[in-house]
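Below, each chain spelled out in residue letters.
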Amino acid sequence: MDTTTDTLSDTWTVGGVTLASRVLIGTSRYRSLQTMLDAVRASGAEIATVSVRRLDLSDASGPSMLGALRELRTPAGEPLRLLPNTAGCYTAKEAIFTAQLAREALETDWVKLEVIGDDETLYPDAVQLLKAASELVADGFEVFAYCGDDPITARKLADIGCAAVMPLGAPIGSGMGLVNPYALRIIRELLPDVPLVVDAGIGTASDAARAMELGYDAVLLNTAVAGAERPTRMAAAIRHGVAAGRLAYGAGRIPRRLYAQASTPDDGRVDLD
């Protein structure tokens, strides 16, 4: 990590692309198209996810969401990169078909792979996820794999060759923050050279900052911004929280101690006795 306070020089690489922003943002559940576009801009994100199963792929121009996203530019003036996801898929077969549809329609080999186990928790189905990831990687996809906070599954996804492994911070849309930071830390230590993104559960800027302080490369979120009272402000707050957390991680925090340690040294102290 760059040792200066210039976060623009602190880049990371995923899927063969070097990025300055460490925020990936979702595009669903906003109150209006304009609110979504304003929030994406405020977040500083260079990648936005789109749900293939809920997106009208027939019109990439005009007032459609896809057309509007294609017109957005990042802070560096580059086109916003779209990351289609397989949200709503419950089997490997469904997810693979959805990814292939996205590649054909959006002309990208990138896919955020989600294979959900049930409607209540929206937790990933690890068996179906690993199966889909293996087939998609073999088919030339750059797979961004959404998984639970299980270090074993995360390592298997990395071994398969996923472009990024994305363990959840908490259930999708819950806003609970990082409910198991210990597992997230273990995953980071097990996979020091793999792009890791905390995906799901982020509720506010401090959650995003904490994820970065654990050494994660980025955060992916949607509901935290789309569901906020003022989405654009929250998007900006997340952007600053990520930057602050990344700087803190690079600075190296002090160790935790059970007892106090005086900040004033004893050397040179006047003896009043």
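Below, the structure is looked at part by part. (Residues numbered from 1 in each chain as written. Predicted model: local features only at pLDDT ≥ 70, side-chain atom pairs only at ≥ 80, totals over all residues. Heavy atoms only, no water.)

Observations regarding the overall build of the chain
Next, step 1: From N to C terminus, the chain includes nine helices and ten strands.
Next, step 2: Per-residue burial for the chain yields a buried fraction of 49% across its 273 residues.
Next, step 3: Contacts in the chain between residues far apart in sequence, at least 24 positions, make up 64% of those at least 6 positions apart.
Next, step 4: Carbon and sulfur atoms make up 50% of the accessible area of the chain, which totals about 14000 Å². (Helix = DSSP H or I, 4+ residues; strand = E, 2+ residues; numbered from the N terminus. Buried < 20%, exposed > 50% of the residue type's maximum accessible area, 1.4 Å probe, protein only. Contact = heavy atoms within 4.5 Å. Areas by Shrake-Rupley, 256 points an atom, 1.4 Å probe, with all protein chains shown as cover.)

A closer look at the environment of A235
Next, step 1: Structurally, A235 is set in helix α9 (residues 231-251).
Next, step 2: A235 sits in the buried class, given a relative accessible area of 0%.
Next, step 3: For the pair A235 and D38, spaced 197 residues apart in sequence, the C-alpha separation works out to 9.0 Å.
Next, step 4: Apart from residues lying up to four places away in sequence, A235 is in contact with A39, A42, S43 and V225.

Concerning the pattern of salt bridges
Next, step 1: Applying the stated rule across the entire model yields ten salt bridges.
Next, step 2: A salt bridge links R188 to D217; the nearest nitrogen and oxygen atoms lie 3.0 Å apart. Within this pair, whereas R188 is found in helix α6 (residues 181-190), its partner D217 is found in the loop between α7 (205-213) and β10 (218-221), the two being separated by 29 residues in sequence.
Next, step 3: The exposure class assigned to D217 is buried, which follows from its relative accessible area of 14%.
Next, step 4: The closest approach of N and O atoms between R230 and E229, which form a salt bridge, is 4.0 Å. Accessibility assignment for this pair places R230 and E229 in one class, exposed.
Next, step 5: When salt bridges that share partners are traced, they join D10, R22 and R246 into one network. (Salt bridge = Lys/Arg side-chain N within 4 Å of Asp/Glu carboxyl O.)

Concerning the environment of L82
Next, step 1: Take L82: it is sitting in strand β5 (residues 81-85).
Next, step 2: When neighbours within four sequence positions are excluded, L82 is seen to be in contact with A48, V50, L66, L69 and R70.

Let's talk about the packing of helix α1 (residues 33-43) against α9
Next, step 1: Where α1 meets α9, the axes come as close as 7 Å, and the angle between the chain directions of the two elements is 20°. In this view, α1 runs roughly parallel relative to α9, as classed from their interaxial angle. Seen along the crossing, α1 lies across α9 with a hand that is right-handed. Facing T35, D38, A39, R41, A42 and S43 of α1, the residues of α9 in contact are P231, T232, A235, A236 and R239. (Axes fitted to C-alpha atoms, helices over the stretch in contact; angles between N-to-C directions. Parallel < 35°, antiparallel > 145°, perpendicular 65-115°, else oblique. Left-handed = near helix turned anticlockwise from the far one by under 90°.)

Section: the pairing of strand β7 (residues 142-147)
Next, step 1: Most of β7 is tucked away: five of the six residues are buried.
Next, step 2: Here strand β6 (residues 110-113) pairs with β7 via four bridges, running parallel. In the strand pairing of β7, K112 is matched with F144.
Next, step 3: Both β7 and strand β8 (residues 164-167) contribute to a ladder of four bridges, which runs parallel. (Pairing = 2+ DSSP bridges.)

Quick notes on the packing of aromatic side chains
Next, step 1: Throughout the structure, instances matching the rule amount to one aromatic pair.
Next, step 2: A centroid spacing of 4.9 Å and a plane angle of 45° characterise the contact between W110 and F144, whose relative ring orientation is tilted. On the criterion of sequence distance, the pair formed by W110 in strand β6 and F144 in strand β7 is long-range, its members being 34 residues apart. Here the two residues W110 and F144 agree in accessibility, since each one is buried.
Next, step 3: R188 extends its terminal NZ or CZ atom over the ring of Y216, reaching a point 5.9 Å from the ring centre. (Phe/Tyr/Trp six-rings, centres within 6.5 Å; stacked < 30°, edge-to-face > 60°. Lys NZ or Arg CZ within 6 Å of the ring centre and 35° of its normal.)

Quick word on the nonpolar core
Considering soluble globular proteins, one finds that nonpolar side chains tend to be buried as a cluster.
Next, step 1: L113, L157, V225 and I238 are the most contacted members of the largest nonpolar core, which has 63 residues in total.
Next, step 2: The residues touching I238, leaving out its near neighbours within four places in the chain, are V23, I202, T204, A205, A208, L221 and V225.
Next, step 3: Counting residues in each nonpolar core, the second largest holds 15 residues, with L19, I47, M166 and V197 among its members. (Core = buried A, V, L, I, M, F, W, Y, C linked by side-chain atoms within 4.5 Å.)

A closer look at the environment of S43
Next, step 1: Its location among the elements puts S43 in helix α1.
Next, step 2: According to the relative accessible area criterion, S43 is buried, its value standing at 2%.
Next, step 3: With 20 residues separating them along the chain, S43 and V23 place their C-alpha atoms 6.9 Å apart.
Next, step 4: Excluding residues that lie within four positions of it along the chain, S43 makes contacts with V23, I25, A235 and R239.

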